[in-house]
Every structure is written in C-alpha cells, then in structure tokens.
Amino acid sequence: MPLVSMRQLLDEAAKGGYGVGAFNVNDMEQIQAIMAAAKETNSPVIIQASRGARSFAQDRFLFHLILAAAELYPEIPIAMHQDHGNSFETCKSAIDLGYTSVMMDGSLKEDGKTPASFEENVAVTKRVVDFAHERGVTVEGEIGVLGGVEDGHGAGGTGLEHVTDPDQAVEFAEKTGVDALAIAIGTSHGAYKFTKKPDGSVLKMDVLIAIHKRLPNTHLVMHGSSSVPKDLQDIINKYGGKLKETWGVPVEEIQLGIRNGVRKVNVDTDNRLAMTGAIRKVLWETPEKFDPRDYLKPAREAMQKVVAQRMTQFGQAGHAGDYKAVSIAEIAKGYKNGSLSTRPLVAAK
Ligand SMILES: [Zn+2]
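Moving on: the overall build of the protein. Broken down by element type, the protein carries 13 helices and eight strands. In terms of overall dimensions, the protein is globule-like: its C-alpha atoms have a radius of gyration of 19 Å, near the 20 Å expected for 349 residues. Taken along the three principal axes of its C-alpha coordinates, the protein extends 65 × 45 × 35 Å. Taken across its 349 residues, the protein has 56% of its residues classed as buried. Taking as baseline every contact in the protein between residues at least 6 positions apart, the subset at least 24 positions apart corresponds to 79%. Approximately 14,600 Å² of the protein is accessible, and the part contributed by carbon and sulfur atoms is 55%. One finds the centroid of the 40 positive side-chain charges in the protein at a distance of 1 Å from the centroid of its 44 negative side-chain charges.

In this structure, the largest pocket occupies an estimated 700 Å³ of space. Contributing to the lining of the largest pocket are 38 residues, with Val228, Pro229, Lys230, Asp231 and Leu232 lying nearest its centre. Residue assignment for the lining of the largest pocket shows that the elements contributing at least two residues are helix 9 (230–238), helix 10 (251–259), helix 11 (269–285) and helix 12 (292–314). Looking at the lining of the largest pocket, the element that brings in the most residues is helix 12, giving eight residues.

So, on to the pairing of strand 1 (residues 20–24). For strand 1, the tally of buried residues reaches five of five residues, placing the bulk of the element in the interior. The side-chain alternation of strand 1 yields two buried faces, one formed by Val20, Ala22 and Asn24 and the other by Gly21 and Phe23. Of the pairings in the sheet, the one linking strand 1 to strand 8 (residues 262–267) comprises four bridges and is parallel in character. By the bridge assignment for strand 8, Ala22 is matched with Asn266.

Met35, Val45, Ile47, Leu62, Ile78 and Leu181 are the most contacted members of the largest nonpolar core, which totals 80 residues. Of all the elements, helix 12 adds the most residues to this core, at eight residues. In this view, Leu62 contacts Val25, Asn26, Asp27, Ile31, Ala49, Ala53, Arg54, Ala57 and Tyr99; residues no more than four positions away in its chain are not counted. Core analysis: the second largest hydrophobic core is formed by 16 residues, Tyr18, Val20, Ile46 and Val221 among them.

Among the structural elements, Asn26 can be located in the loop between strand 1 and helix 2 (28–41). Filtering out sequence-adjacent residues up to four positions away, Asn26 remains in contact with Ala53, Phe56, Ala57 and Leu62.

Summarising the metal site, the zinc ion is bound by the protein donors His84 (NE2), His189 (NE2) and His223 (ND1), whose distances to it range over 2.0 to 2.1 Å. Read in sequence order, the donor residues for the zinc ion give the motif H-x104-H-x33-H. Here the residue His189 occupies a position in the loop between strand 6 (180–183) and helix 8 (205–214), and His223 occupies one in the loop between strand 7 (219–222) and helix 9, the gap between them amounting to 34 residues. The buried category is assigned to His189, whose relative accessible area is 7%.

Each value, and the rule that gives it
- Residues numbered from 1 in each chain as written.
- Predicted model: local features only at pLDDT ≥ 70, side-chain atom pairs only at ≥ 80, totals over all residues.
- Heavy atoms only, no water.
- Helix = DSSP H or I, 4+ residues; strand = E, 2+ residues; numbered from the N terminus.
- Rg over C-alpha atoms; globule rule 2.2 N^0.38 Å.
- Buried < 20%, exposed > 50% of the residue type's maximum accessible area, 1.4 Å probe, protein only.
- Contact = heavy atoms within 4.5 Å.
- Areas by Shrake-Rupley, 256 points an atom, 1.4 Å probe, with all protein chains shown as cover.
- Lys, Arg positive; Asp, Glu negative; His and termini not counted.
- Charge placed at Lys NZ, Arg CZ, Asp CG, Glu CD.
- 1 Å grid on protein atoms, 1.4 Å probe; cavity = no way out; pocket = protein on both sides within 12 Å on 5 of 7 lines; lining within 4 Å.
- Points joined across faces, edges and corners; volume = space filled by probe spheres on them.
- Pairing = 2+ DSSP bridges.
- Core = buried A, V, L, I, M, F, W, Y, C linked by side-chain atoms within 4.5 Å.
- Donors = N, O, S within 2.8 Å, 3.2 Å for Na, K, Ca; no water.

Have a look at this one:
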C-alpha cells in the first residue's frame, strides 16, 4: 500500500473504536521490527521520526527505509509521521520530503524546552495546518505541556504540572483546525515517568473525557505512553545495566483512554528497553561475539514482541485490511471542500 494519510488511519480507528500505536524509529532494525509485528497482528500502523531521529539516521536514509516498508508490506496501511516538530520549517521539511503527517508541537518554543504562550501556539500551528492541508498532510497539535524530556525535547518536570485545560483545548482546535491533538493528562516522556507504583488512576481521565465530549471529531493523542514493564527493566539490570526503579503508564489506563477518544498512542521507551536488554544479554553471555547481527537480530525480535503486544492491547490488531488507501491528493480535496473539517461540537466560549 502506498503511505496513507494519518487522518484516514485515525478516522478508521475512530469508526472501529480502537487506538493505533505510533512507534518511533531511528534505524532499519526498528522499522523491520514494527513491520514484522504489523504483519503478525494484521495491524495498520504509524511510524514516526523525531527531529533527533531524522538527524541521527539522515533524512533520506530514514525516508527510504520507511518507503521500503510500504513496498514490502502492501497489505499494511502505514502513516509516516514527524514527531514533535518544533517549528514551521521542521514540519515543512518533513512534508517536502514526503511525510504524510506532522506534529507541530507549539506548546513549547522553538528551543523545544520553554513553554510557549497559547497565542504563539495557535499562530504557528495554524500556519502548519494551512500549509499541510493544502497538500493532504495530517497535522497533530499539542496543548498543555507534557512532563519529562526525550531526545532533548521537553519541558522537564512531572506530567501533572501543565495539565490541559478543556476550554483551551476546544478553542485551540477551533482556531487551528488540527486533525489530532496531543493533550497533557499526566504522562511524561522518557523512562522515568512515575517514581512510585501508580495506584490505578495516574491519568486525568476526567480531563480526557471532557475534551473528547466537546471535540468528538479531533483525534486525541497520548504521548509518553510506554508502560515501562518491570521484566524489560530486569533484563537490562540482570546483564550489567543500572536502571533506577521506575513505573510507566499501565496498559489498562491507556485502554481506558482509548475507550474515551484516544486514537494515537506514542510508544518509544518500551522498544528501547526491549532492544537494549536483548543486546546486553548477548554481549554478557557470549562476550566473544563481535558480529553485530548476533545481537541486532535478537534486539529486533525483542522489539517485535513488544510492538505486537501493544498492537493487540490497543485494538488495532486485525484491522489492516478494513480499508483501501485514499490518495493524499484526494485527502487534500477533502480539506478544501470542508468534508474533512473537524468542527468542535460545542463552540469555544
Ligand atoms: Zn511526545
């Protein structure tokens, strides 16, 4: 299948009542792991690259690796997404390259660290939406600020410092016309999300429900949604690692989110943990080995296992064949004629 619009993929997810994992990639093995998991579970998928990933892998390497995935797996809908664009220029460069979706994270200033004002966020996001929609490309915005830092991006702190205000979320969606909206409901980026075991209500579900009720056509996005499973931490520490004890977002909480309008779920840390644990194990147990394939193959398999599990838990498994790709040109027409407008159900006050 050619790359599909993330908007189409999320509209289908909304119809089907499931969430779609958005997995970060930096290299070939991670893309292969995701695609093997998508085939195994028959899942549509979002492959996303941060600015850090684009510079690590070099734009054209990463772009062509993802295109290879689309060629090799014609039965799987794949959206190619820019994660946490920090400026109009970053988003434009992804769109010019051929990404079918971009995130404009205007919740932070261009440095990716300092919280921006609401007005600044609206202005830069609207500019990206106008440019992207004209080209059939999906836009995810962000309102509220997530905790933690990942790939040098983030305001730090805990996830509960800047929880999204539902009224502001509605006003933001109305003023920008974003297709998807990342909201801050207590999650953080990185491995260290919670310093003690979460007690079952770690996320601000009431905020999520309030936003979804008023923005039923805007797909909600959960960032920092790795579960940081103890068994993956244990493997790393068993084979020489030194991770501090930490807790992620329980899968049940994510599933509750999905039942309340969350359609895109960002997962990165769990895959990093799985790969690193597998590599450490090989090098620890067989220190005489030096062929990178000896540890990259188990690393790829370990990531595939985690991704397949998440695809099943988020509900996207089994849905790859539900629809045919609508061309990006056709999607652009939908934005132009208003049929893809995401008007809030209740206008902002
Ligand atoms: Zn994020």
